[in-house]
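Survey of secondary and tertiary structure
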Amino acid sequence: MTAYSSAVIPLTITEEHDHVHNGRLETPMRLDAHQLSDEEKIARIAHHFEAIMHTMGLDLSDDSLRDTPKRVAKMYINEFFSGLNPKNKPSVSLFDNQYQYGEILIEKNIRVHSYCEHHFVPITGVAHIAYKSSGKVIGLSKLNRIVDYYSRRPQVQERLTRQIGQDLCRVLETDDVAVIIDAAHMCVSSRGIKDPHSSTITAEYSGCFKDLDQRKELLALLKISD
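This section reports on the structure supplied with the text. Fair warning: this is a prediction, and the values are worked out from it, not measured in the lab. (Residues numbered from 1 in each chain as written. Predicted model: local features only at pLDDT ≥ 70, side-chain atom pairs only at ≥ 80, totals over all residues. Heavy atoms only, no water.)

Of the regular secondary structure elements, the protein holds six helices and seven strands. Starting at the N terminus and ending at the C terminus, the protein contains elements arranged as α-α-β-β-β-β-α-β-α-β-α-β-α. The 226 residues of the protein split such that 37% are buried. Of the contacts made within the protein by residues no fewer than 6 positions apart, 66% connect residues no fewer than 24 positions apart. Summing over all exposed atoms, the protein offers an accessible surface of approximately 13300 Å²; the carbon and sulfur share of this is 52%. (Helix = DSSP H or I, 4+ residues; strand = E, 2+ residues; numbered from the N terminus. Buried < 20%, exposed > 50% of the residue type's maximum accessible area, 1.4 Å probe, protein only. Contact = heavy atoms within 4.5 Å. Areas by Shrake-Rupley, 256 points an atom, 1.4 Å probe, with all protein chains shown as cover.)

This is the structure:
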């Protein structure tokens, strides 16, 4: 690794009002968010993370630290925040509901691994998804993939829950969708108040799940108190 230089790789920043979002449901993104390739983003993040490590006084000539900036950059783009890139959105195919199953279908305990957009520390927990078929069904693993896609970006849990719910309504061609997320936030457990025992529950109910009886049935199946 070459010695650290204070030169900054230029990046054109759009005006503050150039965010693309709708009623705060969309993740705030600049209009030029996808102009750079993943490789270009990795190079820039590695450069700036090297500067952060240098500022903290770390010796980047050490064998253990030499490749850390590139490792972190690749991890950010290819893993932790891969959901910011639309090309990573999972493709979904629906199938005819040949069994004429008309009751609630639940996929529970779907892993959620996201990052708090305020502190860039992990949000970890589980999501429960329920829907009633409109005549079509989805492969179960696709529900996990949709949750993972929206989780893999800087998030707040409320937005994450709504993004998953509204996209599932679109994908499943039905309003009868419910999403419940129960997650722990490291910005609460590892900093600030340092409370390791609390978790946050959010829910998005649409269609039939706005009906109290349907919601009680769902929560009973999940063994969650209303």
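Moving on from the model shown.
Here we come to the nonpolar core. One recurring pattern in soluble globular proteins is that nonpolar side chains are buried together. Counting residues in hydrophobic clusters, the biggest one holds 24 residues, and the most contacted among them are Ile129, Ile164, Leu168 and Ile181. Contributing elements (two or more residues each) for this core: strand E2 (105–116), strand E3 (122–131), helix H3 (140–151), helix H4 (157–172) and strand E6 (177–185). For this core, the element with the most residues is H4, which contributes six residues. Discounting residues that sit within four places of it in the chain, isoleucine 164 has contacts with Ile129, Val147, Tyr150, Val179 and Ile181. Listed in part, the ten residues of the second largest apolar core include Ala178, Ile180, Leu219 and Leu222. (Core = buried A, V, L, I, M, F, W, Y, C linked by side-chain atoms within 4.5 Å.)

On to the side chain of aspartate 38. If you trace the backbone, aspartate 38 turns up in helix H1 (residues 38–55). A polar contact is formed between the side chain of aspartate 38 and the side chain of asparagine 85, at a distance of 3.4 Å. Non-local contacts of aspartate 38, meaning those with residues more than four positions away in its chain, are made with Ile77, Asn85 and Lys87. (Polar contact = N/O pair within 3.5 Å; in protein donor to acceptor, adjacent residues only side chain to side chain.)

A few words on the packing of H3 against H4. Look at H3 against H4: their axes get within 10 Å of each other, and the N-to-C directions meet at 140°. Here H4 runs oblique to H3, going by the angle between their axes. In this structure, the crossing between H3 and H4 has a hand that is right-handed. Each of Leu143, Ile146, Val147, Tyr150 and Ser151 in H3 lies in contact with H4, whose residues at this interface are Leu160, Gln163, Ile164, Asp167 and Leu168. The class makeup of the residues in the contact of H3 with H4 is seven nonpolar, two polar and one charged. (Axes fitted to C-alpha atoms, helices over the stretch in contact; angles between N-to-C directions. Parallel < 35°, antiparallel > 145°, perpendicular 65-115°, else oblique. Left-handed = near helix turned anticlockwise from the far one by under 90°. Nonpolar A, V, L, I, M, F, W, Y, C, P; charged D, E, K, R; others polar.)

On to the environment of serine 82, then. For serine 82, the location among the structural elements is in the loop between helix H2 (68–80) and strand E1 (94–96). Residues serine 82 and tyrosine 150, 68 residues apart in the sequence, show an inter-C-alpha distance of 9.1 Å. What serine 82 contacts, discounting residues up to four positions off in sequence, is Tyr76, Ile77, Asn88 and Arg152.

Moving on, we get to the sheet that holds strand E7 (residues 200–205). A sheet is described by the order of its strands in space; here five strands give the open sequence E5-E2-E3-E6-E7, paired in mixed fashion. The open sheet is flanked by strand E5 (154–155) and E7, the only strands paired with a single partner. Inspection of the sheet shows E6 paired to E7 by six bridges, in the antiparallel sense. Among the inter-strand pairings, isoleucine 181 is bridged to a residue of E7, identified as threonine 202. Packed on one face of the sheet, H4 meets E2, E3, E5, E6 and E7 and runs near 155° to E6. (Pairing = 2+ DSSP bridges.)

Turning our attention to the pattern of salt bridges. Applying the stated rule across the entire model yields ten salt bridges. The shortest N-O distance in the salt bridge between arginine 30 and aspartate 32 comes to 2.8 Å. One salt-bridge network, in which partners are shared between bridges, spans Lys89, Asp167 and Arg170. (Salt bridge = Lys/Arg side-chain N within 4 Å of Asp/Glu carboxyl O.)

Here we take up H1. Spanning 18 residues, H1 covers 26 Å between terminal C-alpha atoms, matching the ideal 26 Å at 1.5 Å per step. For H1, the complete set of buried residues consists of Asp38, Lys41, Ile42, Ala46, His47, Glu50, Ala51 and Met53. Contact partners of the buried residues in H1: H2. Once H1 finishes, glycine 57 follows within two positions and takes phi at roughly 95°, a positive value. (Expected span 1.5 Å × (residues − 1).)

What follows covers the pairing of E6. Note on strand geometry: in a regular strand, side chains alternate between the two faces of the sheet. The buried count for E6 comes to seven of nine residues, which makes it a mostly enclosed element. Alignment of E3 against E6, held across nine bridges, turns out to be antiparallel. In the strand pairing of E6, threonine 124 is matched with alanine 184.

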